[in-house]
Amino acid sequence: MTSTAIAPPASASPAPTLPAGLRMGAVRLRVRDAARSAAFYTGTVGLSPLGTNADGSLRLGVGAETLIELVGAPDASLRPRGTAGLFHVALLVPDRPALAIVLRRLVAQGVRLGASDHLVSEALYLDDPDGNGIEIYRDRPESDWRWDKLTVEMATQPLDLRKLLADTPEGVPLDAPMPEGTRVGHVHLQVGDLAGARRFYVDELGFAVTTDRYPGALFVSAGGYHHHLGLNIWQSRGGGPAPSGSTGLVAFEVLLPDAAAVEAVRARLAAAGAALTPLTQGFAVADPWGTRLHLRAGA
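Keep in mind the model is a prediction, meaning the values are calculated, not measured.

Procedures and definitions
Residues numbered from 1 in each chain as written. Predicted model: local features only at pLDDT ≥ 70, side-chain atom pairs only at ≥ 80, totals over all residues. Heavy atoms only, no water. Helix = DSSP H or I, 4+ residues; strand = E, 2+ residues; numbered from the N terminus. Expected span 1.5 Å × (residues − 1). Buried < 20%, exposed > 50% of the residue type's maximum accessible area, 1.4 Å probe, protein only. Arc of directions from axis to C-beta. Contact = heavy atoms within 4.5 Å. Polar contact = N/O pair within 3.5 Å; in protein donor to acceptor, adjacent residues only side chain to side chain. Pairing = 2+ DSSP bridges. Axes fitted to C-alpha atoms, helices over the stretch in contact; angles between N-to-C directions.

**A closer look at helix H5 (residues 259-271)**
Turning to step 1, where the next piece is worked out: With 13 residues, H5 extends 18 Å from end C-alpha to end C-alpha; this agrees with the ideal 18 Å at 1.5 Å per step.
Turning to step 2, where the next piece is worked out: Those residues of H5 not exposed but buried are Ala261, Val262, Val265 and Leu269. The arc that holds the buried residues of H5, viewed along the axis, is 100°, so those residues lie on one side. Turned more than 90 degrees away from the buried face of H5 sit Ala259, Ala260 and Ala271, all of them exposed.
Turning to step 3, where the next piece is worked out: Buried residues along H5 sit in contact with helix H4 (194-204), strand S15 (248-256), strand S17 (282-286) and strand S18 (292-297).
Turning to step 4, where the next piece is worked out: With a side-chain oxygen positioned 3.3 Å from the backbone nitrogen of Ala260, the residue opening H5 is Asp258.
Turning to step 5, where the next piece is worked out: Just downstream of H5, Gly273 is the residue with a positive phi angle, here 90°.

Here's what the structure looks like:
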C-alpha cells in the first residue's frame, strides 16, 4: 500500500494520559500441559526458552526479554466460550522477511492459520494447543498509516500469502528463532460490553481510542500507536469472568517508562475506587471482568 500519512494534529486534543513510551510486556497463560505448550511456542512460533520462575512457570521469549509465561495446570478446565479473557496475544516481528519465515515454518508444519491485511499491519493467526489465540504480525511503516484526526484507518482484508512467502530471505532455516526486536505488540481481549471497557481502559486507565469503527470492537493505544489493546464483544457480549483456574490468560504486563508514570496511573485508579495489589516496580489491577493487568516501570 502506498499513501500519504495524515498524522493527528498536535492541537486536536490534550496530550495522552498514558505516556508515549508505553509498551506491552509479558503475557502469562495457564495451560494444561506446560511441556506440550513450550514445544509449540518454541518449535512452531519460534520463541526461545529463557528459564523457569520461582513458581515453576516457564519463560519464553527473544534475547533476554520474556514475552510469554506458561503456568502448567493439568487439571484446568478450558475457558468456556462466551466468557471474558484472551482473544489473542500479538507478537510483533521487526520486518516482512521475518514474518515470511514464520509463514514458511507454519506452512511446512501444516498449521491451520488465518491471515489478514489490516492496512497498518500484516498478520498471521493461529491457536496454541489450549486454544489460546496468537497473532504474529509486522507493522507497515508509520508513514503509511492514515489518520482521520484521532482515528487510524484499519481494515480486515485478504493477505496475499504467495507474495509474503516470496519475501523469505535465502539461507535462513525454518527452525530459526524469532529475531531480536520481536516483542508483544498488542493484546486483544474479549470483554462483556464496550461501554464498560471504555470506562475502565480509556476513562480510568488512560488509553486513547484509536478507532471504534469496527462493529463490536474498540481499539486503544498510547503515544499514537495503532493499538496496544483490542477489546471486542464478538463472542462475549454480556459475558462474565472466566471460571477461576481455567485455561487462558492469567495476566498481562503494561510497561511504563518510569516509576513516576506508574505512580500517576496508580493514583488515578485508586481515586476511581479500583482495588490495587502492590507488585515489584508497580501494581496489579483487574478490569470489570477480572482480567488482570500488571503495570510496571521498565518500558
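**Description of the environment of Ala260**
Turning to step 1, where the next piece is worked out: As for its position among the elements, Ala260 is in helix H5.
Turning to step 2, where the next piece is worked out: Residue Ala260 is classed as exposed on the basis of its relative accessible area, which comes to 56%.
Turning to step 3, where the next piece is worked out: Put simply, Ala260 and Ala297 are 37 residues apart on the chain and 8.5 Å apart in space, counted from C-alpha to C-alpha.

**Describing the sheet that holds S15**
Turning to step 1, where the next piece is worked out: Overall, mixed pairing links the eight strands, which are arranged S2-S3-S4-S1-S15-S18-S17-S16 in an open sheet. Because the sheet does not close on itself, it has two edges, and the strands there are strand S2 (48-52) and strand S16 (277-279). Taken over all neighbouring pairs, the strand axes of this sheet differ in orientation by 25° on average, direction set aside.
Turning to step 2, where the next piece is worked out: Sheet topology places strand S1 (residues 23-31) next to S15; six bridges connect them, and they run antiparallel. Among the inter-strand pairings, Arg30 is bridged to a residue of S15, identified as Gly248.

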